[in-house]
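# Structural characterization, general
Residues per chain are reported as follows:
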Amino acid sequence: VQHGHSSCGPTSRSHEVSVPRNPDFLIIGAMKAGTTSLFRWLGRLEDVELPATKEIHFFFDEERWSKGMGWYQSFFDDDATVTGEASPGYTDPDRAALCASRILDTLPDVRLIFLARNPIDRLRSHYRHWVQRGRERRPFPEAATVGSTYVTRSMYWRSLQPYLERFTDDQLLIVRFDDLIEDGGAWESILSHLGLPPHPRPTDNQNPTEALRGYSKLFDRLATGGALARLEFLPRPLKRAGAKLMTSDSRRYQELIASSRDDVAVQVQEELWNDIAKLEAELGTTLWHR
C-alpha cells in the first residue's frame, strides 16, 4: 500500500569537493516489521552505500542530537549515489512528533519508508524479541496490555500522524510487511520511491523466529555496546563457542516464548483496530481484513 510515490531519484551531486552529506532516505519503522531485512537488502545494491550503523537514533536521542548535523552527516558517504538509515524509533508514538519536526527542519526533501505489519503479529514478535533479550520476564497476557509499549508500537495511525501532517504525499511510502517478504510488489515500489533501477527482490529476511534461543546478559551488553559487529570477523570455532556462552534455553524462557501464542485481550484488539481504521481512512484502502 503506497501513501506517496514518485519515480524521480535523488539529484546528482558534484564530488570535486567533499561536502557534508545528508541521507536520501529514512526507514522510520515499524519495529519488528522487516526494517532490518530492508536495510540489508538495500545495502547490497550497487547504487546504495549505507552506514555500518543501522539505527543512528539521531532525531530522538538528545545526546546524539546535541552533537549536531555535522556529526550525523559523518555517517553517510559523500560519494554515494543513494544513502540512508533505518531507525524504527523515529515512529515511537511518544517520540514521533519530535522526530517528525526535527526531520522536516533538517531534511526537508528526505524520502521516508514505513513498513506496516499486521499489528497483532507485530506485537507478538516485539514481545518475543524482549524475552529473547532477557528484558521481559512476564507472560505475554500480562505484558501485552493496553498502554504497554508492545501495543502502542502497533498503533500505526498514532505513530504516523505527525509525518502525515508534515510531509508531502510523494515523500512518505507505506508498504505492508507481507507484501515485502512475499513478493507482493513492495520491493519494486521501494526502489521506485528511491529512484533506483529495478533489481530482483532478495529472498532472505532477518526477522528472528520463535525457534531462536534466548540471549544471555553478556549478549545484551555486547549488542548494546556495538561489539557484536566486530565479533563477526572471529574464526568460526570461536564464534560457535561464544554462541554457547551468549545464549540460553531454559524452561522459563521456553514458557515465556510459548505464552506469546496466547490470545490477545479483547480491549487490546479493539484499541489496535480502531487505530488502524484511522490510518486506513487516511490512505483510502484496507490494510488487513479482520
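Preceding block: the structure.
What the protein contains, in helices and strands, is 15 helices and 6 strands. Sorting the 290 residues of the protein into buried and exposed places 48% on the buried side. Residue pairs in contact within the protein that sit at least 24 positions apart in sequence constitute 77% of those at least 6 positions apart. As presented, the protein carries roughly 14400 Å² of accessible surface, and 49% of it is formed by carbon and sulfur atoms.

To continue, consider the side chain of Thr 91. Looking at the secondary structure, you find Thr 91 in the loop between strand E2 (84-86) and helix H4 (96-106). On the basis of relative accessibility, which here comes to 2%, the residue Thr 91 falls in the buried class. Setting aside anything within four residues of it in sequence, one finds Thr 91 in contact with Ile 28, Gly 29, Ala 96, Phe 114, Ser 159, Leu 160 and Tyr 163.

Summed over the entire model, instances satisfying the criterion amount to 17 aromatic pairs. Consider the rings of Tyr 72 and Phe 76, whose centres lie 5.1 Å apart with planes at 80°: the pair is edge-to-face. By relative accessible area, which is 0% here, Tyr 72 ends up buried. Taking relative accessible area as the criterion, Phe 76 reaches 5% and is therefore assigned buried. The rings of Phe 58, Phe 59, Phe 60, Trp 65, Trp 71, Tyr 72, Phe 75, Phe 76 and Tyr 90 are connected pair by pair, giving a single aromatic cluster. Stacked on the ring of Phe 60, the Lys or Arg Arg 95 has its end atom at 4.0 Å from the ring centre.

Attention now goes to the environment of Ala 258. With respect to the helices and strands, the residue Ala 258 is situated in helix H14 (residues 251-259). Each C-alpha atom, one on Ala 258 and one on Arg 128, is 9.2 Å from the other, the two residues being 130 residues apart in sequence.

Using the criterion set out here, one finds 15 salt bridges in the structure. A salt bridge links Glu 280 to Arg 290, with the shortest nitrogen-to-oxygen separation between them at 3.0 Å. Placement of the pair is Glu 280 in helix H15 (residues 266-283) and Arg 290 in the segment after H15, with a sequence separation of 10 residues. Looking at Glu 280, the relative accessible area reads 10%, which means it is buried.

This part takes up the packing of helix H1 (residues 35-43) against helix H10 (residues 186-193). Put simply, H1 and H10 touch, their axes get as near as 12 Å, and they point 60° apart. One finds that H1 runs oblique with respect to H10. Note that H1 runs across H10; the crossing there is right-handed. Note on element contacts: H10 touches H1 through Trp 187, Ile 190 and Leu 191, opposite Leu 38, Trp 41 and Leu 42. By residue class, the composition of the contact of H1 with H10 is 6 nonpolar, no polar and no charged.

So, how was this worked out
- Residues numbered from 1 in each chain as written.
- Predicted model: local features only at pLDDT ≥ 70, side-chain atom pairs only at ≥ 80, totals over all residues.
- Heavy atoms only, no water.
- Helix = DSSP H or I, 4+ residues; strand = E, 2+ residues; numbered from the N terminus.
- Buried < 20%, exposed > 50% of the residue type's maximum accessible area, 1.4 Å probe, protein only.
- Contact = heavy atoms within 4.5 Å.
- Areas by Shrake-Rupley, 256 points an atom, 1.4 Å probe, with all protein chains shown as cover.
- Phe/Tyr/Trp six-rings, centres within 6.5 Å; stacked < 30°, edge-to-face > 60°.
- Lys NZ or Arg CZ within 6 Å of the ring centre and 35° of its normal.
- Salt bridge = Lys/Arg side-chain N within 4 Å of Asp/Glu carboxyl O.
- Axes fitted to C-alpha atoms, helices over the stretch in contact; angles between N-to-C directions.
- Parallel < 35°, antiparallel > 145°, perpendicular 65-115°, else oblique.
- Left-handed = near helix turned anticlockwise from the far one by under 90°.
- Nonpolar A, V, L, I, M, F, W, Y, C, P; charged D, E, K, R; others polar.

That's the geometry; what it means functionally is another story.
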